[in-house]
Amino acid sequence: MANRTDPAAKSVHGTNPQNLVEKILREKIHQSSFWKEQCFALTAETLVDKAMELDHIGGTYGGNRKATPFMCLTLKMLQIQPEKEIVVEFIKNQDYKYVRVLGAFYLRLVGKATDVYQYLEPLYNDYRKIRQRSADGSFFLSHVDEFIDQLLTTDYCCDITLPRVPKR
Amino acid sequence: MILLSIDHAFCLQASGVDNTARRKWDRQEFLERARKREVDQQARRNSSRDDSPPGEKKPLKHRDFEVDLTARLGKTQVITQVAPLDQQAGYFCSVCNCIVKDSANYLDHINGKKHQKALGMSMRVERSTLEQVQTRFETVKRKKAEGGLTDEGTYEMSIQFEMRMLKQQREEEERKRQRKERKKEKKREKALEDAGGEIDDPEVAQAMGFGGFGMKK
């Protein structure tokens, strides 16, 4: 089934990995055309291609709460559950900042606290600009390190409640 | 009961003569038909269950092509009830021979179990390894770099540029030639007209309207 989590996937934080995204948002993503057309049968490899084509991050926007491709790819990663080395590979990638941000976001959602701090803190040094889509549909400017800071210190990012990590 | 069915009353008649106007059916023929229909249904049921055993199905593959949803958008088409399915309104799936009325449902159908089974693929996706991901990064990076200004890239581009120039030149020459041809044609026609319809007296010719240039008032 296209929307089921991979049967060989482990449970994350005590639940089906896809449940980290709340039900309404999950349904929205499953109904979106990006998910149906582009995210069908993606493996970690082909996900690389799609991630490289990303050009903005964000949660949902518009009156209809339309999901961004960034969200769709995050849910896809939760569904296929790539190994930790692959996620680290995403984060280590210097050339494509959105691939990096996607990897970081995914690690923040599924990783243990030690992993989260170990791999995300170096990203504080990345000062590149990224485009973020706000809830009303317009874009605003942000930076990679700002985003990482938001991931590590706040509870809520891109319409997803982040799991608890102990304070630094 | 006084009210007997006609058949019953009929049976009570001694003669057994069929003097009713009721329609009768040939039982034998219909028995044959029923048996044949059952056999066909069985065959159909068996054949539909005959898909490849689970071990042989390939893992789920990503679609390489873009699903074209807007091909028939805005087009007007006459459909009838008896038209074949691929000409009816909606999106037609040739693999399953069905139409779906809606683009979202069409995508769901294409991504769904039945369709994929018909294509011979199971619903499980294969897992990628770290090396695959790394090589994928490399290849895509290299491809993007090549699309830009590498030595090979510029050579290709200059060749294409040359070809385009040649084509344009050829087209120009063609056009010029055609224009000349047309002019010649016109002249010839004019000459023929003048020669054919000419009247000796120029005045009469003028009066009748066969003047040269600038004669018309």
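Residues numbered from 1 in each chain as written. Chains lettered and ligands numbered in written order. Predicted model: local features only at pLDDT ≥ 70, side-chain atom pairs only at ≥ 80, totals over all residues. Heavy atoms only, no water.

1. Considerations on the environment of A:C158
Residues and elements named next belong to chain A.
At step 1: As for its placement among the helices and strands, C158 is situated in the loop between β6 (156-157) and β7 (160-161).
At step 2: C158 sits in the buried class, given a relative accessible area of 11%.
At step 3: For the pair C158 and G59, spaced 99 residues apart in the sequence, the C-alpha separation amounts to 4.1 Å.
At step 4: Discounting residues that sit within four places of it in the chain, C158 has contacts with G58, G59, F70, M71, F105 and F147. (Helix = DSSP H or I, 4+ residues; strand = E, 2+ residues; numbered from the N terminus. Buried < 20%, exposed > 50% of the residue type's maximum accessible area, 1.4 Å probe, protein only. Contact = heavy atoms within 4.5 Å.)

2. Points about the packing of helix α4 (residues 69-80) of chain A against helix α6 (residues 97-110) of chain A
Residue and element names in this part refer to chain A.
At step 1: One way to put it is that α4 packs onto α6 with a least axis distance of 10 Å and a crossing angle of 50°. Between α4 and α6, the crossing angle belongs to the class labelled oblique. Between α4 and α6 lies a crossing whose hand is right-handed. The segment α4 lies against α6, with F70, M71, L73, T74, M77 and L78 engaging V101, L102, F105, Y106, L109 and V110.
At step 2: Classifying every residue of the contact of α4 with α6 gives 11 nonpolar, one polar and no charged. (Axes fitted to C-alpha atoms, helices over the stretch in contact; angles between N-to-C directions. Parallel < 35°, antiparallel > 145°, perpendicular 65-115°, else oblique. Left-handed = near helix turned anticlockwise from the far one by under 90°. Nonpolar A, V, L, I, M, F, W, Y, C, P; charged D, E, K, R; others polar.)

3. A word on a nonpolar patch on the surface
All names here are of chain B.
At step 1: A cluster of nonpolar side chains, contributed by Y155, I159 and M163, occupies part of the molecular surface with about 340 Å² of accessible area.
At step 2: Structurally, I159 can be placed in helix α6 (residues 151-196).
At step 3: Look at I159 and you get partly exposed, because its relative accessible area is 36%. (Patch = residues over 30% accessible without salt bridge, like charges linked within 9 Å, V, L, I, M, F, W, Y side chains within 5 Å. Areas by Shrake-Rupley, 256 points an atom, 1.4 Å probe, with all protein chains shown as cover. Salt bridge = Lys/Arg side-chain N within 4 Å of Asp/Glu carboxyl O.)

4. A few points about the side chain of A:E89
At step 1: Structurally, the position occupied by A:E89 is in helix α5 (residues 84-92).
At step 2: If we skip the residues at most four places from it in the chain, A:E89 touches B:L130, B:V133, B:Q134 and B:F137.

5. A short note on the nonpolar core
For soluble globular proteins, the rule of thumb is that nonpolar side chains tend to be buried together.
At step 1: Ranked by size, the top nonpolar core spans 56 residues in total, and within it A:F70, A:M71, A:F90, A:F105, A:L120, A:F147 and A:L151 carry the most contacts.
At step 2: Looking at this core element by element, the count peaks at nine residues for α6(A).
At step 3: Those residues in contact with A:M71 that lie beyond four places of it in its chain are A:L25, A:I29, A:G58, A:G59, A:F105, A:C158 and A:I160.
At step 4: B:Y91, B:V100, B:Y106 and B:I110 belong to the second largest nonpolar core, which has seven residues in total. (Core = buried A, V, L, I, M, F, W, Y, C linked by side-chain atoms within 4.5 Å.)

6. Some points on the side chain of A:D115
Residue and element names in this part refer to chain A.
At step 1: Relative to the elements of secondary structure, D115 occurs in helix α7 (residues 113-120).
At step 2: D115 sits in the buried class, given a relative accessible area of 10%.
At step 3: Not counting residues up to four positions away in its chain, the partners in contact with D115 are K84, L107 and L120.

7. Things to note about the pattern of salt bridges
At step 1: For the structure shown, the criterion picks out 11 salt bridges over all chains.
At step 2: Salt-bridge contacts for A:R128 lead to A:D126; the nearest nitrogen and oxygen are separated by 2.9 Å.
At step 3: The exposure class assigned to A:D126 is buried, which follows from its relative accessible area of 8%.
At step 4: Among the salt bridges present, the one from B:E32 reaches B:R35, with a minimum N-O distance of 3.8 Å. Of this pair, B:E32 and B:R35 both sit in helix α2 (residues 27-48), three residues apart, which is roughly one turn of that helix.
At step 5: You can call B:E32 partly exposed: its relative accessible area is 47%.
At step 6: Residue B:R35 is classed as partly exposed on the basis of its relative accessible area, which comes to 48%.
At step 7: Overlapping salt bridges bring together A:R100, A:D126 and A:R128 as one network.

8. A few points about the packing of α7(A) against helix α8 (residues 144-153) of chain A
Residue and element names in this part refer to chain A.
At step 1: Packing of α7 against α8 leaves a shortest axis separation of 11 Å and a crossing angle of 165°. Classified by the angle their axes make, α7 and α8 are roughly antiparallel. Considering how the two elements wind past one another, α7 and α8 form a crossing that is left-handed. Taking contact as the criterion, the partners of V116, Y117 and L120 in α7 are, on α8, I148, L151 and L152.
At step 2: The class makeup of the residues in the contact of α7 with α8 is six nonpolar, no polar and no charged.

9. Overview of the pairing of strand β5 (residues 139-143) of chain A
Every regular strand shows the same layout, with side chains that alternate between the two sheet faces.
All names here are of chain A.
At step 1: Bridge count for strand β4 (residues 129-133) against β5 is five bridges, and the pairing is antiparallel. What sits directly across from R133, in β5, is F139.
At step 2: From the end of β4 to the start of β5, which pair antiparallel, there are five residues, and G137 there has a positive phi angle of about 100°. (Pairing = 2+ DSSP bridges.)

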